[in-house]
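Each chain is listed here by its residues.
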Amino acid sequence: AQKITQTQPGMFVQEKEAVTLDCTYDTSDQSYGLFWYKQPSSGEMIFLIYQGSYDEQNATEGRYSLNFQKARKSANLVISASQLGDSAMYFCAMREGRGTGNQFYFGTGTSLTVIP
Amino acid sequence: DTGVSQDPRHKITKRGQNVTFRCDPISEHNRLYWYRQTLGQGPEFLTYFQNEAQLEKSRLLSDRFSAERPKGSFSTLEIQRTEQGDSAMYLCASSLAAGGPMETQYFGPGTRLLVL
């Protein structure tokens, strides 16, 4: 089974609108971390937002928020007020394992295009 | 505050040659990670270090791949007897060892390898 599943290969959103990028994960660990990264066409991976498995509140960072539904094992990224510069690939990632026994997984990504 | 740096940024080599990539992490970061990213895919975790100790290497792609971090600062990733299938972007990231948001990995610009 895939550890991280991103089911939307491509998404389009109108400028200034909100968009939700889906991510589901698979782990039996109680302690894990979830991350979203943005990768523009330049290739650099840019960290956006983090959610720990024990965090009770959804993470927010500026225009980014993470809709964390633990029972459903989903960690969707919400981008509000989309901007043209948001056009990029978006990757969901997970760290599982404790202490020195960590494993790291990325999804296949969602390509977001913001339309003027 | 300098970010993660990688050298070289691009490498073209002939099949069968050995290549070595260098990564310099963010200076206060204890952990250093290596990933491979092929076209259209998310990063694939290879190995990671905490200080000079290599904590996970079972996901290195074959015994042709090896990594070192001898003094707990910069790291090198070596690929011996390169094959055309090794052509990819090799990404390095670093983080603090602690859990929570401080486990967030920050990525370098990557080294793009082309094996002819």
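Quick note: structure is the one above.
Report follows, based on the coordinates. All of these numbers come straight from a predicted model, not from anything done at the bench. (Residues numbered from 1 in each chain as written. Chains lettered and ligands numbered in written order. Predicted model: local features only at pLDDT ≥ 70, side-chain atom pairs only at ≥ 80, totals over all residues. Heavy atoms only, no water.)

1. Some thoughts on the overall build of chain B
Here is the rule: Put simply, DSSP marks the helices as runs of H or I at least four residues long and the strands as runs of E at least two long, and each gets a number from the N terminus on. Throughout, radius of gyration means the C-alpha value; the globule benchmark is 2.2 Å times the number of residues raised to the power 0.38. In what follows, residue pairs with any heavy atoms lying within 4.5 Å of each other are defined as contacts. Residue-level accessible areas treat just the shown protein chains as cover; the underlying method is Shrake-Rupley with a 1.4 Å probe. Residues scored as positive are Lys and Arg, those scored as negative are Asp and Glu, and His as well as the terminal groups of each chain are ignored. Taken as the charge location is NZ of Lys, CZ of Arg, CG of Asp or CD of Glu.
The helix and strand tally for chain B stands at zero helices and 11 strands. Mapped in sequence order, the helices and strands of chain B form the string β-β-β-β-β-β-β-β-β-β-β. Rg of the C-alpha trace for chain B: 14 Å, near the compact-globule value of 13 Å for 116 residues, within the 12% margin. In terms of overall dimensions, chain B has a C-alpha envelope of 40 × 25 × 25 Å along the principal axes. For chain B, long-range pairs separated by at least 24 residues make up 53% of all intrachain contacts whose partners lie at least 6 apart in sequence. Counting every atom, chain B has about 5,700 Å² of accessible surface; 47% of that belongs to carbon and sulfur. Distance from the positive charge centre (14 side chains) to the negative charge centre (13 side chains) of chain B: 6 Å.

2. Quick look at the state of the cysteines
For clarity, the cut-off: Cysteine sulfur atoms that pair up within 2.5 Å are treated as a disulfide. A simple rule labels every residue: compare its accessible area, found with a 1.4 Å probe on the protein chains alone, to the largest value its type can have, and call it buried under 20%, exposed over 50%, or partly exposed in between.
Under the criterion given, the structure shown has two disulfides over all chains. Note on cysteine connectivity: Cys23 of chain A is disulfide-linked to Cys92 of chain A, with sulfurs 2.0 Å apart. Disulfide Cys23 of chain A-Cys92 of chain A: the torsion about the S-S bond is -60°, which places it as left-handed. Of this pair, Cys23 of chain A sits in the loop between β3 (19-21) and β4 (24-25) while Cys92 of chain A is found in strand β10 (residues 88-96), placing the two residues 69 residues apart along the sequence. Taking the relative accessible area as the measure of exposure, Cys23 of chain A reaches 1% and is therefore buried. Through a disulfide, Cys23 of chain B is tied to Cys92 of chain B; the S-S separation comes to 1.8 Å. One quick way to see it: the torsion about the S-S bond of Cys23 of chain B and Cys92 of chain B is about -70°, and its sign makes the bridge left-handed. Residue Cys23 of chain B is found in strand β3 (residues 19-24), and its partner Cys92 of chain B is found in strand β9 (residues 88-95); the two are separated by 69 residues along the sequence.

3. Let's talk about the packing of aromatic side chains
Quick reminder of the rule: Working definition: rings of Phe, Tyr and Trp (its six-membered ring) pair if their centres are within 6.5 Å, and the pair is stacked with planes under 30 degrees apart, edge-to-face with planes over 60 apart, and tilted otherwise. Look at NZ for Lys and CZ for Arg. If either is within 6 Å of the ring centre and within 35 degrees of the ring normal, a charge sits over the ring.
Taken as a whole, this structure holds 18 aromatic pairs over all chains when the rule is applied. For the ring pair Phe45 of chain B and Tyr48 of chain B, a centre distance of 6.0 Å and an interplane angle of 50° mean the geometry is tilted. Here Phe45 of chain B and Tyr48 of chain B have matching classes, each one buried. Grouped by ring-pair contacts, the aromatic residues Phe35, Tyr37, Phe47, Tyr50, Phe104 and Phe106 of chain A together with Tyr33, Tyr35, Phe45, Tyr48, Tyr106 and Phe107 of chain B constitute a single cluster. One residue, Arg63 of chain A, lies across the ring of Tyr64 of chain A, its end atom 5.7 Å from the ring centre. A cation sits over an aromatic face here: Arg22 of chain B above Phe74 of chain B, 3.9 Å from the ring centre.

4. Focus on empty space enclosed by the protein
Rules: Grid spacing is 1 Å over the protein atoms alone, the probe is 1.4 Å, and a cavity is where that probe fits but cannot get out, while a pocket is an open set with protein on both sides within 12 Å along at least five of seven lines and lining residues have an atom within 4 Å of a point. Grid points are joined across faces, edges and corners, and a volume is the space filled by probe spheres set on the points. Just so you know the grouping, Ala, Val, Leu, Ile, Met, Phe, Trp, Tyr, Cys and Pro go in nonpolar, Asp, Glu, Lys and Arg go in charged, and all remaining residues, Gly too, go in polar.
What the rule picks out here adds up to one cavity of 30 Å³ or more. Here the largest cavity is characterised by a volume of approximately 60 Å³. Looking at the largest cavity, the residues that line it are Phe35, Tyr37, Ala93, Met94, Arg95, Phe104, Tyr105 and Phe106 of chain A together with Tyr35, Gln105 and Phe107 of chain B. The set of elements that each furnish at least two residues to the lining of the largest cavity consists of β5 (32-39), β10 and β11 (103-106) of chain A. Considering only residue class, the lining of the largest cavity consists of nine nonpolar, one polar and one charged.

5. A short note on the sheet that holds strand β7 (residues 65-68) of chain B
Residue and element names in this part refer to chain B. Rule in force here: The pairing criterion is simple: DSSP has to find at least two bridges between the two strands. Think of each axis as a best-fit line through the C-alpha atoms, taken over the contacting stretch in the case of a helix, with angles from 0 to 180 degrees between the N-to-C directions.
The strand order β1-β3-β8-β7 describes an open sheet built from four strands, whose pairing is antiparallel. Pairing within the sheet leaves two strands with one partner each, and these edge strands are β1 (5-7) and β7. Between one strand axis and the next, the sheet turns through 15° on average, direction left out of account. Bridge analysis of β7 against strand β8 (residues 75-79) gives four bridges, and the strand direction is antiparallel.

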